[in-house]
Amino acid sequence: MGLRHDRRQINTGRRLAIKYLLDPSTDSDLTHTVFPRRSAFVFGHEEYGFSFDPQAYANLSKISIPQYGKVQSLNVSVAASLTMYEYVRQQRKSEPLES
């Protein structure tokens, strides 16, 4: 499966940003999504989920963190850490570090 670039963009008043919603029920894998520099991530409450109806915001791109085995749940801080790691990894790969 190749990397895909989701072009769902939101006008933030200054520049366009792509917003991602972490949803374990979606098939869009975190590791197969190319994150642009201006990305925003939305994480739900560990027990109650999101405080809004995600379906009311069609401009949110749903992604999930791949997990193996029967358990399909992560602590929100672990999910945020994994997501930020993948985002930073991609940004470093696309822009070489200055010496």
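What counts and what doesn't
Residues numbered from 1 in each chain as written. Predicted model: local features only at pLDDT ≥ 70, side-chain atom pairs only at ≥ 80, totals over all residues. Heavy atoms only, no water. Helix = DSSP H or I, 4+ residues; strand = E, 2+ residues; numbered from the N terminus. Buried < 20%, exposed > 50% of the residue type's maximum accessible area, 1.4 Å probe, protein only. Contact = heavy atoms within 4.5 Å. Areas by Shrake-Rupley, 256 points an atom, 1.4 Å probe, with all protein chains shown as cover. 1 Å grid on protein atoms, 1.4 Å probe; cavity = no way out; pocket = protein on both sides within 12 Å on 5 of 7 lines; lining within 4 Å. Points joined across faces, edges and corners; volume = space filled by probe spheres on them. pLDDT = per-residue confidence, 0-100. Phe/Tyr/Trp six-rings, centres within 6.5 Å; stacked < 30°, edge-to-face > 60°. Core = buried A, V, L, I, M, F, W, Y, C linked by side-chain atoms within 4.5 Å.

Novice: If you had to explain the overall build of the protein to someone new, which residues and values would you point to?
Specialist: Of the regular secondary structure elements, the protein holds 1 helix and 4 strands. Put simply, the protein has 99 residues, and 30% of those count as buried. A sequence separation of at least 24 residues applies to 65% of the contacts in the protein between residues at least 6 apart. Only carbon and sulfur atoms are counted for the fraction: they give 51% of the accessible area of the protein, which is about 7,200 Å².

Novice: Quick one: what's the story with the layout of surface pockets, residue by residue and with numbers?
Specialist: Taken as a whole, the largest pocket holds about 360 Å³ of empty space. In this structure, the largest pocket is lined by 19 residues; those nearest its centre are Leu 22, Pro 24, Gly 44, Leu 74 and Ala 79.

Novice: Describe the confidence of the model for the protein, naming the residues involved and giving the relevant values.
Specialist: Segments scoring low in pLDDT should not have their predicted coordinates read at a detailed level. Model confidence for the protein is summarised by a mean pLDDT of 80, while 79% of its residues fall at 70 or above. Below pLDDT 50 for its whole length, residues 1-12 participates in 36 contacts with residues either more than four positions away or in separate chains.

Novice: Just give me the short version of the packing of aromatic side chains, but keep the residues and values in it.
Specialist: Applying the stated criterion to the full structure yields 6 aromatic pairs. Measuring from ring centre to ring centre gives 5.6 Å for Tyr 20 and Phe 41, while their planes differ by 25°; the resulting arrangement is stacked. Of this pair, Tyr 20 sits in strand β2 (residues 16-22) while Phe 41 sits in strand β3 (residues 39-42); the two residues are 21 residues apart in sequence, bridging distant segments of the chain. Taken individually, Tyr 20 and Phe 41 each receive the classification buried, so the pair is uniform in this respect. Seen in terms of ring centroids, Phe 50 and Phe 52 are 5.6 Å apart; in terms of plane orientation they differ by 50°. Their pairing is tilted. Three or more aromatic residues joined by ring pairs form one cluster here, namely Tyr 20, Phe 35, Phe 41 and Tyr 87.

Novice: I'd love a proper account of the nonpolar core, names of residues and values included.
Specialist: If you look at the biggest cluster of nonpolar residues, it comprises 10 residues: Ile 18, Tyr 20, Leu 22, Leu 30, Phe 35, Phe 41, Ile 63, Ile 65, Ala 79 and Tyr 87. Only β2 and α1 (76-94) provide two or more residues apiece to this core. Among the elements that line this core, the one with the most residues is β2, at 3 residues. The residues contacting Tyr 87, other than those within four sequence positions of it, are Phe 35, Pro 36, Arg 37, Ser 39 and Phe 41.

Novice: Describe in detail the environment of Phe 50, supporting the description with residues and values.
Specialist: Here Phe 50 shows up in the loop between β3 and β4 (61-63). On the basis of relative accessible area, Phe 50 is assigned to the partly exposed category, the value being 24%. Put simply, Phe 50 and Asp 23 are 27 residues apart on the chain and 9.8 Å apart in space, counted from C-alpha to C-alpha. Excluding its chain neighbours within four sequence positions, the residues that come into contact with Phe 50 are Leu 21, Leu 22, Val 42, Phe 43, Gly 44 and His 45.

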